[in-house]
Amino acid sequence: MNPRKNKPIIGISIGDINGISAEVTMKALMDNRIHKIITPVIYAHGKALTFYRKHLGMDDFNFMQIRSINEVHHKKINVINVLEESPEVIPGVETQEAGKLALAALDQAIADLKENKIDALVTAPLNKSNINSEALKFVGHTEYLTEAFGINKSLMFLVAEGIRVGVVTGHIPLKEVPNQVTAANIKGKLEIMIHSLQHDFGIPKPRIAVLGLNPHAGEDGLLGDEEETIIKPVIGGFKEKGHLVFGPYPADGFFGMMHQKKFDGVLAMYHDQGLIPFKSLAFETGVNFTAGLPIIRTSPDHGTAYNIAGKNIANEGSMSAAIFQAYDIIKSRTGWEEEEN
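A. Structural detail: the overall build of the protein. The secondary structure content of the protein amounts to eleven helices and twelve strands. For a compact globule of 341 residues, the expected C-alpha radius of gyration is about 20 Å, and the protein comes in at 20 Å, within 12% of that figure. The dimensions of the protein, computed from C-alpha atoms along their principal axes, are 60 × 50 × 35 Å. Scored against the burial criterion, the 341 residues of the protein give a buried share of 53%. Long-range pairs, those at least 24 residues apart, make up 74% of the contacts in the protein with a sequence separation of at least 6. As presented, the protein carries roughly 15600 Å² of accessible surface, and 49% of it is formed by carbon and sulfur atoms. Here the protein contributes 34 positively and 40 negatively charged side chains, and the mean placements of these two sets differ by 4 Å.

B. Structural context of the pattern of salt bridges. Evaluated as defined, the whole model comprises eight salt bridges. A salt bridge links Lys 27 to Glu 23; the shortest N-O distance between them is 2.7 Å. Pair noted here: Lys 27 and Glu 23 are both in helix H1 (residues 21-28), with a separation of four residues, about one helical turn. Linking Lys 187 and Glu 191 is a salt bridge whose minimum nitrogen-to-oxygen distance equals 2.7 Å. Linking Lys 187 with Glu 191, this pair stays in helix H7 (residues 183-199), spanning four residues, or about one helical turn. Judged by its relative accessible area of 38%, Glu 191 falls in the partly exposed class.

C. Broad picture of the sheet that holds strand S1 (residues 9-13). Here we have twelve strands laid out as an open sheet, ordered S3-S4-S2-S1-S5-S12-S11-S6-S7-S10-S8-S9, and mixed in their pairing. The open sheet has two free edges, formed respectively by strand S3 (64-66) and strand S9 (244-249), since each of these has just one partner strand. Direction aside, the axes of adjacent strands within the sheet are offset by 25° on average. Across four bridges, the pairing between strand S8 (residues 207-211) and S9 is parallel. In the sheet register, Arg 207 faces S9, and the bridge partner there is Leu 244. Lying on the sheet, helix H10 (residues 271-282) is in contact with strand S6 (155-160), strand S7 (163-167), S8, strand S10 (265-268) and strand S11 (287-291); it crosses S6 at an angle near 20°.

D. Fine view of the pairing of strand S5 (residues 120-123). Covered by surrounding structure in S5 are Ala 120 and Val 122 together with Leu 121 and Thr 123, the residues of both alternating faces. Bridging between S1 and S5 involves four bridges; their strand directions are parallel. Note that in S5 the partner of Ile 12 across the bridge is Val 122. With two bridges joining them, S5 and strand S12 (residues 297-300) adopt parallel strand pairing. Counted as the bridge partner of Leu 121 is Arg 297 from S12.

E. Region of the structure containing helix H3 (residues 46-55). Turning to H3, its buried residues number three or more, namely Gly 46, Ala 48, Leu 49 and Tyr 52. With its buried residues spanning 160° around the axis, H3 presents them on a single face. When the buried face of H3 is taken as reference, the exposed residues oriented beyond 90 degrees from it are Lys 47 and Lys 54. Elements in contact with the buried residues of H3: H1, strand S2 (39-44), S3 and strand S4 (78-81). Just past H3, the residue Gly 57 takes up positive phi, approximately 65°.

F. How the structure looks around the packing of H1 against helix H11 (residues 317-334). The contact between H1 and H11 brings their axes to 8 Å, and the two run at 60°. Taken together, the axes of H1 and H11 lie oblique to each other. Taken as a pair, H1 and H11 cross one another with a handedness that is right-handed. For the pair H1 and H11, the contacting residues are Val 24, Thr 25 and Ala 28 in the first and Met 319, Ser 320 and Ile 323 in the second.

G. Highlighting the environment of Lys 7. Mapped onto the elements of the fold, Lys 7 is located in the segment before S1. Among the residues examined, Lys 7 registers a relative accessible area of 23% and is labelled partly exposed. Along the primary structure Lys 7 and Tyr 306 are separated by 299 residues, whereas in three dimensions their C-alpha atoms are 34 Å apart. When near neighbours in sequence (up to four residues on either side) are disregarded, Lys 7 contacts His 35, Lys 36, Ile 37, Ile 38, Thr 39, His 74 and Trp 336. For Lys 7, the side chain forms a polar contact with the main-chain oxygen of His 35, separated by 2.6 Å. Within the local environment of Lys 7, its side chain forms a polar contact with the backbone oxygen of His 74, the two atoms lying 2.9 Å apart.

What counts and what doesn't
- Residues numbered from 1 in each chain as written.
- Predicted model: local features only at pLDDT ≥ 70, side-chain atom pairs only at ≥ 80, totals over all residues.
- Heavy atoms only, no water.
- Helix = DSSP H or I, 4+ residues; strand = E, 2+ residues; numbered from the N terminus.
- Rg over C-alpha atoms; globule rule 2.2 N^0.38 Å.
- Buried < 20%, exposed > 50% of the residue type's maximum accessible area, 1.4 Å probe, protein only.
- Contact = heavy atoms within 4.5 Å.
- Areas by Shrake-Rupley, 256 points an atom, 1.4 Å probe, with all protein chains shown as cover.
- Lys, Arg positive; Asp, Glu negative; His and termini not counted.
- Charge placed at Lys NZ, Arg CZ, Asp CG, Glu CD.
- Salt bridge = Lys/Arg side-chain N within 4 Å of Asp/Glu carboxyl O.
- Pairing = 2+ DSSP bridges.
- Axes fitted to C-alpha atoms, helices over the stretch in contact; angles between N-to-C directions.
- Arc of directions from axis to C-beta.
- Parallel < 35°, antiparallel > 145°, perpendicular 65-115°, else oblique.
- Left-handed = near helix turned anticlockwise from the far one by under 90°.
- Polar contact = N/O pair within 3.5 Å; in protein donor to acceptor, adjacent residues only side chain to side chain.

Have a look at this one:
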């Protein structure tokens, strides 16, 4: 494929302006390596970014406000005001106004994604509690985007150098996990993971490890029978089709012995089983990628961190990694080539 004249456009929804989202976004976009390969568009409000530019002493952070994505400038950091008035910025404080801006930013970015005006979306951290209302039950970015694009199933896929972890069940209470660990759900998540590893990460024949649900992967039925009755038959079915799927493995020993390095992907049964080891190993460079969507969405693997908001100590490593990962997936899906300087 010939190099394209303009760089891919990556949207960034600002998340909660009272957390560290604006800080890590601004710090990440100060990296000239990013500007050489992508055009950033921040869905937010210019006044909020101006506040942090002054508050954090980031005088070199310059941006151009545009009215819509149609006015994007490929040599600038673009900012779209998603609300007429910016809410007051109060670092470290949860406010309903900040939640309103976060949701408006996400909704506008989704609208531009649907019209193919941006090539990927990076979602900065938001606070679910100041978005939720009687009219909207917001469980998380993953679920919200999955519904917005009319997809039945997606995969929360945490990725970093040397480790990629997906989960069968995501943001649900722990007591509901066993009921959701079904053959159909495991099969669906494995199919998404295999397809993503092939098409988003360029791995033709991925090796995948599947973790057990129970301690010691059930220990041959002594500690639970889900491994024997549900998980093993699903793994067997994938093996029969020629896929390199193995397990179920006891989660503690698997990560304790760093076995994730032997595989291209790991499928955990529930949120904390996969995310605790992932964040322990790759918190400052980890990326949350929503696999299985027709669009590309990544995010940092951390939250709003109100406790350090506005203190100029937030690490932008995960946000930077999310932007670079989005670009890499654009290249993998589309064959986009960088224009030679």
